Amino acid sequence: MSEVLVTRDLRKSFGGIAAVNGVDLTVREGELTAIIGPNGAGKTTLFNLITGFERPDSGKVYFMGRDVTGEKPYNLARMGLIRTFQIVRPLRNLTVLQNVLIGCRVRGLGPEAAEESLRAVGLWEKRDVLASLLTHGELKKLELARALAMRPKLLLLDEPLGGLTFSEAEEVTGAIREANANGTTVVLVEHRLRETFRIVRRVVVMNQGRIIYDGLPENVAKTEEVVKAYMGGRGWVLGT
Ligand SMILES: Nc1ncnc2c1ncn2[C@@H]1O[C@H](COP(=O)(O)OP(=O)(O)O)[C@@H](O)[C@H]1O
Ligand SMILES: [Mg+2]
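Residues numbered from 1 in each chain as written. Chains lettered and ligands numbered in written order. Predicted model: local features only at pLDDT ≥ 70, side-chain atom pairs only at ≥ 80, totals over all residues. Heavy atoms only, no water.

## Here's the deal with the sheet that holds strand β5 (residues 66-67)
- Read across the sheet, 4 strands follow the order β2-β1-β4-β5 without closing on themselves; strand pairing throughout is antiparallel. Each having just a single partner strand, β2 (17-28) and β5 make up the two edges of the open sheet.
- Bridge count for strand β1 (residues 3-14) against strand β4 (residues 58-63) is 5 bridges, and the pairing is antiparallel. Note on β4: the bridge partner recorded for leucine 5 is phenylalanine 63.
- Of the strands in this sheet, β1, β2 and β4 touch helix α1 (residues 43-50), which is tilted by about 115° from β1. (Pairing = 2+ DSSP bridges. Helix = DSSP H or I, 4+ residues; strand = E, 2+ residues; numbered from the N terminus. Contact = heavy atoms within 4.5 Å. Axes fitted to C-alpha atoms, helices over the stretch in contact; angles between N-to-C directions.)

## Observations regarding the site of ligand 1
- All residues adjacent to ligand 1 are Phe14, Ile17, Ala19, Pro38, Asn39, Gly40, Ala41, Gly42, Lys43, Thr44 and Thr45.
- For ligand 1, an oxygen atom lies 3.2 Å from a polar atom in the backbone of alanine 41.
- The protein chains hide 61% of the 560 Å² of surface that ligand 1 would expose on its own.
- Of the residues contributing to the shell around ligand 1, the split by class is 5 nonpolar, 5 polar and 1 charged. (Near = heavy atom within 4 Å. Polar contact = N/O pair within 3.5 Å; in protein donor to acceptor, adjacent residues only side chain to side chain. Areas by Shrake-Rupley, 256 points an atom, 1.4 Å probe, with all protein chains shown as cover. Nonpolar A, V, L, I, M, F, W, Y, C, P; charged D, E, K, R; others polar.)

## Points about the layout of surface pockets
- Roughly 430 Å³ of internal volume is contained in the largest pocket.
- Lining of the largest pocket is provided by 19 residues; of these, Phe53, Arg83, Phe85, Arg146 and Met150 occupy positions nearest its centre.
- Those elements that place two or more of their residues in the lining of the largest pocket are α2 (73-79), β6 (81-83), α3 (96-106) and α5 (136-148).
- The element contributing the most residues to the lining of the largest pocket is α3, with 4 residues. (1 Å grid on protein atoms, 1.4 Å probe; cavity = no way out; pocket = protein on both sides within 12 Å on 5 of 7 lines; lining within 4 Å. Points joined across faces, edges and corners; volume = space filled by probe spheres on them.)

## What about the nonpolar core?
- The biggest cluster of nonpolar side chains holds 50 residues, and the ones touching the most others in it are Ile36, Leu144, Ile176, Val203, Val205 and Val220.
- Counting residues per element, this core draws most heavily on α5, at 6 residues.
- With sequence-adjacent residues up to four places away left out, isoleucine 176 is seen in contact with Leu32, Leu144, Leu157, Pro160, Val186 and Ile199. (Core = buried A, V, L, I, M, F, W, Y, C linked by side-chain atoms within 4.5 Å. Buried < 20%, exposed > 50% of the residue type's maximum accessible area, 1.4 Å probe, protein only.)

## A few points about the sheet that holds β6
- On the basis of which strands lie adjacent, the open sheet formed by 6 strands has the order β6-β7-β8-β3-β9-β10 and mixed pairing. On the outer flanks of this sheet lie β6 and β10 (210-215), each paired with one strand and no other. Within the sheet, the average angular offset between the axes of one strand and its neighbour, ignoring direction, is 15°.
- Judged from the 3 bridges that link them, β6 and strand β7 (residues 154-158) form a sheet pairing that is parallel. Within β7, the residue paired with isoleucine 82 across the bridge is leucine 155.

Taken by themselves, the reported measurements are silent on function.
Take a look at the structure:
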């Protein structure tokens, strides 16, 4: 399988804190991978470095074999490297459909891409509703639909299940799975391990800016360093 994303010794510090401290990550075409880890592990910063929202202090990012280190987010999006945000940021005075259409335009796609992605997340019936009137769960779905409508080659999702009800989370994991089955390579950062482990085939654990585990979901909780990292944090129970 070909390498969609490669990071080489990626580093970023804020003040004295090494948020990302030498990350080598390779993602191959067709993967559906989760990045997990305690709060402050560097997951969002890693996404920011990959997608051009922050510039690395050192290290390289390769997308589809091309060095894209420090490339602008807009250019990366046009190339098919799309991300969502932990805190959703839709244009609140536009409708659901209008929000998604903006994404389509960036990639030179027509409105059928918008309809398809809104149907995939179960928001098509709400297409004419102003984004400002949506619930939290609907906003998270809109964020995902906007990203899917851009027909990503690589989709990075930052806590797509955050704050969702169980049934909403089920719809969203279904949409992620479907996108992956249709050829989109997906990396998601998540705290909801039970739902996440059900859909991914690979788990990467970060702690203090480094990767401390990379392998099958079923072996994560058996790895001593991972268990320790979690116990030092907010006390999540792995494997639940
Ligand atoms: N813009 C920033 N300015 C200062 N510190 C930051 C900034 N972004 C992240 N950090 C710090 O970097 C570390 C990693 O944060 P983050 O990448 O958000 O972790 P995670 O997403 O895994 O919770 C944390 O200590 C955080 O406080
Ligand atoms: Mg984060």
